[in-house]
Amino acid sequence: MRDEGSPGVVPAEALQMINAWTAVPAFIRDRYLNVIASNDLAKEISPIFNEGVNLVRVVFCAGQLPAGVQTVPQQLADKLKEALALYEWDAEFEELVEELSAASPEFVQAWAGASDTVEPLPFSVHHSQVGPLSLTYQAMTMPGQFDLSLAVLRGTDDDSRAALQRLAELTGPDQS
């Protein structure tokens, strides 16, 4: 039996909750910004929200960011720094920072820089079915899970909110 308070363990209730949100894209990330669970709508928006994707790696490593996805790289480096300030430096943090530093001069610059990044974090996606989506995501620490955050995606304007709703209708369960 797994301990629901253990690092990296997603409580069954959290998985049920995000999967029940058919019109709200959501995912759960760990302190290293790895996506460890996501609902169908988040995955439909972009493969960057698939389980196993590291959000910082996908932005800073050449060829990993899908076409049509735009982010603010400095803000993702800042989120990783923020996580480092909350948790102890460990081998996984060290390996990730070393990998990104070797792969990306842009990461080195962002890691050395400082900004006043606050959530929600903006990004945009050009989706093949519904067109452009201007989105933000807001992450909240999950109660009882010191190293997990629940992130909810939202449209930033009326057009994006309408496109997100169309996408949910196109990809969600039948309403018949």
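Residues numbered from 1 in each chain as written. Predicted model: local features only at pLDDT ≥ 70, side-chain atom pairs only at ≥ 80, totals over all residues. Heavy atoms only, no water.

Asker: Would you mind going over the overall build of the chain with me for this structure?
Answerer: The number of helices and strands found in the chain is seven helices and six strands. The secondary structure elements of the chain, listed N-terminal to C-terminal, are α-β-β-α-α-β-α-α-α-β-β-β-α. Compactness check: the chain gives a C-alpha radius of gyration of 16 Å against a globular reference of 16 Å for 176 residues, within 12% of the reference. Over its C-alpha atoms, taken along the principal directions, the chain stretches across nearly 50 × 40 × 25 Å. In the chain, which comprises 176 residues, the share counted as buried stands at 45%. (Helix = DSSP H or I, 4+ residues; strand = E, 2+ residues; numbered from the N terminus. Rg over C-alpha atoms; globule rule 2.2 N^0.38 Å. Buried < 20%, exposed > 50% of the residue type's maximum accessible area, 1.4 Å probe, protein only.)

Asker: What is the right way to read the sheet that holds strand E1 (residues 26–30) from this model?
Answerer: Two modes of strand pairing occur in sheets, parallel and antiparallel, and in both the strands are linked by backbone hydrogen bonds. An order of E2-E1-E6-E5-E4-E3 is seen for the six strands of this open sheet, with the pairing classed as antiparallel. Either end of the sheet is taken by a strand with one partner, and the two such strands are strand E2 (35–38) and strand E3 (69–71). Along the sheet, successive strands turn relative to each other by an average axial angle of 25 degrees, direction set aside. Here eight bridges tie strand E5 (residues 131–142) to strand E6 (residues 145–155), and the two strands are oriented antiparallel to one another. (Pairing = 2+ DSSP bridges. Axes fitted to C-alpha atoms, helices over the stretch in contact; angles between N-to-C directions.)

Asker: Sorry, what's going on with the packing of helix H4 (residues 73–86) against helix H6 (residues 105–112) here?
Answerer: Between two packed helices, the angle of one axis relative to the other and the distance separating the axes together describe the packing. Relative to each other, H4 and H6 sit at 55 degrees, their axes nearing to 9 Å. What the angle tells us is that H4 and H6 run oblique. For the pair H4 and H6, the crossing hand works out as right-handed. Taking contact as the criterion, the partners of Pro73, Gln74, Ala77, Leu80, Lys81 and Leu84 in H4 are, on H6, Glu106, Phe107, Gln109, Ala110, Trp111 and Ala112. (Parallel < 35°, antiparallel > 145°, perpendicular 65-115°, else oblique. Left-handed = near helix turned anticlockwise from the far one by under 90°. Contact = heavy atoms within 4.5 Å.)

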